[in-house]
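Below are the chains, spelled out letter by letter.
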Amino acid sequence: YDNLQQKAAMASLLSVVPTLTKRARAPSTAQLRSLRFFGSRSAWKGPYFEIDLLYAARKAQEDLQALRRAGKAVIQKDAIRTQSRRSTIIPEFVGLRFEIHNGKDYKPITITEDMIGHKLGEFSPTRKRAIHPGKDADSK
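Here we summarise the structure given alongside this text. Here the structure is a predicted model, which is why all the values come from computation and not from measurement.

**Remarks on the overall build of the protein chain**
Per the secondary structure count, the protein chain includes four helices and three strands. Each helix and strand of the protein chain, ordered N terminal to C terminal, gives the series α-α-α-α-β-β-β. Counting across all 140 residues of the protein chain, residues that qualify as buried make up 29%. Restricting to contacts in the protein chain with at least 6 residues of sequence separation, those with at least 24 account for 51%. Accessible area for the protein chain stands at about 9,900 Å²; split by element, carbon and sulfur atoms hold 52% of it.

Rendered as structure tokens:
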């Protein structure tokens, strides 16, 4: 799908998200059709993400907007720390810094538009590459 179609689909989904905390409302048929690009997850469910991440992202965006209005340097002070590797990256996360847990420590990641639709865990590898000793020239 085109990036613009993904943005439109996510915008329609996120318009439903604030009502999820108040009362559950089923998405419309148009929203269901627009969310099919996420693949394996059922279209009517939409992408999975932790609701706490969404709230943290919205707060960080509000803080950055306040800095822009004040005419100050726009730098995100604290990265959003999470262990939720299974959460899907949504458009509200773009431009924010996350620290994603890889099982041992937190790896810093800055979200870009190309990452939308992927999982957070894809950008924080859990395994180290094996470093094999090279062949020595003197061993012959």
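**Things to note about the nonpolar core**
Here is a general trend for soluble globular proteins: nonpolar side chains tend to be buried in one another's company. Counting 17 residues, the largest nonpolar core has Phe93, Leu96, Phe98 and Ile111 as the members making the most contacts within it. Only α4 (51-70) and β2 (97-101) provide two or more residues apiece to this core. With five residues, α4 is the single largest residue contributor to this core. With residues near it in sequence (within four places) discarded, Leu96 still touches Ala57, Ala60, Gln61, Leu64, Gln76, Ile80, Ile109, Thr110 and Ile111.

**Here's the deal with the packing of aromatic side chains**
Enumeration according to the criterion identifies one aromatic pair in this entry. In this arrangement the basic side chain of Arg81 is found over the ring face of Tyr106, its NZ or CZ atom lying 4.0 Å from the centre.

**Points about the sheet that holds β2**
One open sheet accounts for three strands, arranged β1-β2-β3; its pairing is mixed. Of all strands in the sheet, those bounded by a partner on one side alone are β1 (80-82) and β3 (106-110). Adjacent strand axes in the sheet meet at a mean angle of 25° when their direction is disregarded. In this structure, β2 lies alongside β3, joined through five bridges in antiparallel fashion. Counterpart to Ile100 in the pairing with β3 is Lys107.

Parameters and conventions
- Residue numbering note: each chain is counted from 1, following its sequence as written.
- Only residues with pLDDT of at least 70 are given local features in this predicted model, and only at 80 or more are side-chain atom pairs given and counted; all residues enter the totals for whole chains, interfaces and linings.
- As a rule here, side-chain values come from all non-hydrogen atoms in the structure, and water together with hydrogens is ignored.
- Each helix is a run of H or I in the DSSP string that is no shorter than four residues. Each strand is a run of E no shorter than two, and both are numbered from the N terminus.
- Only protein chains enter the accessibility calculation, which uses a 1.4 Å probe; a residue whose area is less than 20% of its type maximum is buried, one above 50% is exposed, and one in between is partly exposed.
- Between two residues, a contact is recorded if the distance between any of their heavy atoms is within 4.5 Å.
- For the accessible areas, the method is Shrake-Rupley and the probe is 1.4 Å, while residue cover comes only from the protein chains on display.
- Buried Ala, Val, Leu, Ile, Met, Phe, Trp, Tyr and Cys residues that are joined via side-chain atoms within 4.5 Å together make up what is termed a nonpolar core.
- Geometry of aromatic contacts follows a simple scheme: Phe, Tyr and Trp rings, the Trp one being its six-membered ring, pair when their centres are within 6.5 Å, and the pair is stacked under 30 degrees between planes, edge-to-face over 60, tilted otherwise.
- Two conditions define a charge located above a ring, namely a distance within 6 Å from the ring centre to NZ of Lys or CZ of Arg, and an angle within 35 degrees of the ring normal.
- Pairs of strands are assigned from DSSP output, requiring at least two bridges between the strands.
- Structural elements are reduced to axes, namely lines fitted to C-alpha atoms, with helices fitted over the stretch in contact, and the angle between N-to-C directions of any two is expressed from 0 to 180 degrees.

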